[in-house]
Amino acid sequence: MDGSYESSMCNGSNCNEMQYKGVRYDKLSTEDLKGQEFKTVEEAESFYNAYAKAMGFGVRNDYKRLSIRITGRVTSLRLVCSAQGKRREEYMSNKKRVRRPKKETRFSCPCLFKVRYRSNINAYIVDDFITNHSHQLAQAHESHLLRSHRSVEDQHLALATSMQRVSVKPCHTYEYIVDRSGGFKNVGFIMKDLYNKLDSRRREILLEGDAEAALAYMRGKVATDSHFYCKFSIDEDNRLANMFWRDSNSLVDYTCFGDVLVFDSTYKTNPYEKPLVLFVGSNNHLSTTVFGFALLMDETIETYTWVLETFISSMNNKRPVAVLTDGDEAMRRAIEVVLPGCAHRLCTWHIAKNARRHLRKNSVFSEFRRCMWDEVTPDGFEKRWNAMVNTHGLHNKDWVKMMYEKRQIWAEAFISGHFFARMRSTQRCEGMNSYMKGYLKNGVKLFELIPALDRALLRLRNKVVEEDFKSNNSSHVLTSSLRKLEHHAGTMFTDSVFEHVRNEIDGVGDLITSRTMVFGSSRVYFTSSYNNNKQEIEYTTVYYPDENNPRMECSCKLFECEGIPCCHIFNVMKHERMNEIPSSLLMKRWTKSAKSDTQISVHEDNVPNEAIEFARYGDLNCFGSKLCFLASKTKEGTDILNREFIRVEPILLDLWKQEKEKIVTPEHCSNIIKDPIKVRTKGTQKTTSIKKSRQCSWCKNYGHTKTTCPQKKRRRNRA
């Protein structure tokens, strides 16, 4: 570029306000600065950066020479204008270039600043100082865009990181910082800088691999939670294969509500396509509780056996009494190996979906549903099933044969009497999969997946706390005629369970007690429905009197299946003039005190520094926001707080430097767990996708883009 631009082209009012030893920045000359002393090289760099920003140009480090004798001592430093030098010729005349060359930012600018260390005075002396420029300088409203004067400070990085933890995008965080700073020029960096800084920090975490970063997070959880459990396996190439983990709260929940276990796998939660397995159950509020997570290398019998054995081992070898799955054959075989004798039920939703696909006629599908739900005895099921097969000619249908072989784990006639905590399908697990995926973005790595699941779990558990609060700090309005029993049920059961219990109490009014019989010390009540005009079904309820804890058994088996007293039992309580529900009919897992006897203390010793720092940052940020709000209301308050900030900042910076010097860098471990490879799961789509050809926005033809368009290139060459 021709011409020369003198320093007198000052950058707005900054030059008038900023001075060096009484001389304004725009009036500084070589004679004014040459020979001047700076105590440290940082002081010299700070001066020249402030000068450059005020004048409107960027700074680049040309060279920095270190002392041979004294470690870390800078002997000479030369800073130049960012427009110094020229782009190399081979980058200008490259004929193979596809894209247009970037705009030039180097104009052979002569402006420079050089200092040299003098040992006799133990200071840095200015050797050279040139103020002339060969290019236009930035204006005052543009100076914040100069690259050398842009920097994402630690507090802004911490804010963006914490915002990302709660699914706030960096672009929205940047807008928030702009609003807090009073404009874009006061932020100190642009949005792209924030994205680059976050990406750089992410690469630092992944320095030794995604798997190692995830395991490091697990080790940090162990230090925080003494009852945290994590187990993983590796393959022959030392890659992460399977991994299971759960925390102390999951252990408490499983101890209280682990009698029924639901587990299912979900897909597309990580770039390796590892199936994510959720172990869930139902708590005393009839809401979902999570017992643990697992990432698997495949979905074979051996893998499911490993994860089930690991799960049971982590729960102090407590086994569930019932399990619900979606019908996966590998899961079923693994359950038979690890949990022999455990009641197993297939998901009714999946069965109905498959039945609709294989039994296309509505009449056949309706008859299949009657076999699944209406028959309550094995003999009745066999009769109805044979009638369905014979009527519709289903003898040779493979799916019908397969379902008949599995009738023990899906037909109500065989499952009745087993406790499944009011669950019939894995939709609770499917719902949790959808809920968890709401916290996961596309392409999330393992070290990001696990903290995201922790945040989702934290929010889920907070809802349980809210439900506990509502149940314990409110009372129900009594509406039934059995008010004493209803009141006692309201004080014992949680709100969600109480609604079902109250429906059973209301059902007493529809019952007729036909007769009563006495057998020894027990009494038998025969009841039927008053409004049932169809074939009358008579239920038998046996009452065993006992002064301390009377017992009752009903032929409807509602208590055995769902854990709440049926209307027939409440009818007996009415006849026996009971005011409270016997303790034998109060299943503790449905009561408000379900977790009263199960508490695990979490030790807070050896908590990782990152967790402590994050907690401190949160506390200080809340208190600091309050102080800033109060100070901004008056000019005097603003001045006081500004003076305190200026006084405290160097003290805190010095303390931080001292703390960083104490940190010992861990030695590199040669036995690093490698990242897993991408696997193909049962949930992987098998459809072949046809790659769509791209359309050029210039010539509207297909097969290329605007940057590689041959017509555009020929036109440019002709021009």
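Details of the structure are given in the entry above.
Residues numbered from 1 in each chain as written. Predicted model: local features only at pLDDT ≥ 70, side-chain atom pairs only at ≥ 80, totals over all residues. Heavy atoms only, no water.

Asker: Explain the overall build of the chain residue by residue, including any values.
Answerer: The helix and strand inventory of the chain stands at 25 helices and 18 strands. Counting all 719 residues of the chain, 42% fall into the buried class. The long-range share in the chain, meaning contacts at least 24 apart out of those at least 6 apart in sequence, stands at 61%. Within the structure as shown, the chain displays about 41700 Å² of accessible surface, and the carbon and sulfur contribution to it stands at 50%. (Helix = DSSP H or I, 4+ residues; strand = E, 2+ residues; numbered from the N terminus. Buried < 20%, exposed > 50% of the residue type's maximum accessible area, 1.4 Å probe, protein only. Contact = heavy atoms within 4.5 Å. Areas by Shrake-Rupley, 256 points an atom, 1.4 Å probe, with all protein chains shown as cover.)

Asker: Give me the nonpolar core: which residues, what numbers.
Answerer: If you look at the biggest cluster of nonpolar residues, it comprises 61 residues, and the most contacted ones within it are Trp245, Phe493, Met573 and Ile581. Here this core takes seven residues from helix 18 (residues 446-472), the largest share from any one element. Once you skip the residues sitting within four places of it in the chain, Met573 turns out to touch Leu485, Met552, Met578, Ile581, Pro582 and Leu585. Judged by nonpolar contacts, the second largest core, of 29 residues, contains Leu28, Ala44, Phe47 and Leu79. (Core = buried A, V, L, I, M, F, W, Y, C linked by side-chain atoms within 4.5 Å.)

Asker: Break down the packing of helix 8 (residues 210-224) against helix 18 for me, with residues and values.
Answerer: Interaxial distance between helix 8 and helix 18 falls to 7 Å at its minimum, and their mutual angle equals 35°. Of the residues in helix 18, those touching helix 8 at Asp210, Ala213, Ala214, Tyr217, Met218 and Lys221 are Leu446, Phe447, Ile450, Pro451 and Asp454. The residue makeup of the contact of helix 8 with helix 18, split by class, is eight nonpolar, no polar and three charged. (Axes fitted to C-alpha atoms, helices over the stretch in contact; angles between N-to-C directions. Nonpolar A, V, L, I, M, F, W, Y, C, P; charged D, E, K, R; others polar.)

Asker: Describe the pattern of salt bridges, and please don't skip the residues or the numbers.
Answerer: The full count for this structure, using the stated rule, is 27 salt bridges. The closest approach of N and O atoms between Arg332 and Glu336, which form a salt bridge, is 2.7 Å. Here Arg332 and its partner Glu336 are both found in helix 11 (residues 329-338), four residues apart, which amounts to about one turn of the helix. The residue Arg551 makes a salt bridge to Glu553 at a minimum N-O spacing of 3.6 Å. The exposure class assigned to Glu553 is partly exposed, which follows from its relative accessible area of 37%. Within this structure, Glu329, Arg332, Glu336 and Lys406 form a network of salt bridges that share partners. (Salt bridge = Lys/Arg side-chain N within 4 Å of Asp/Glu carboxyl O.)

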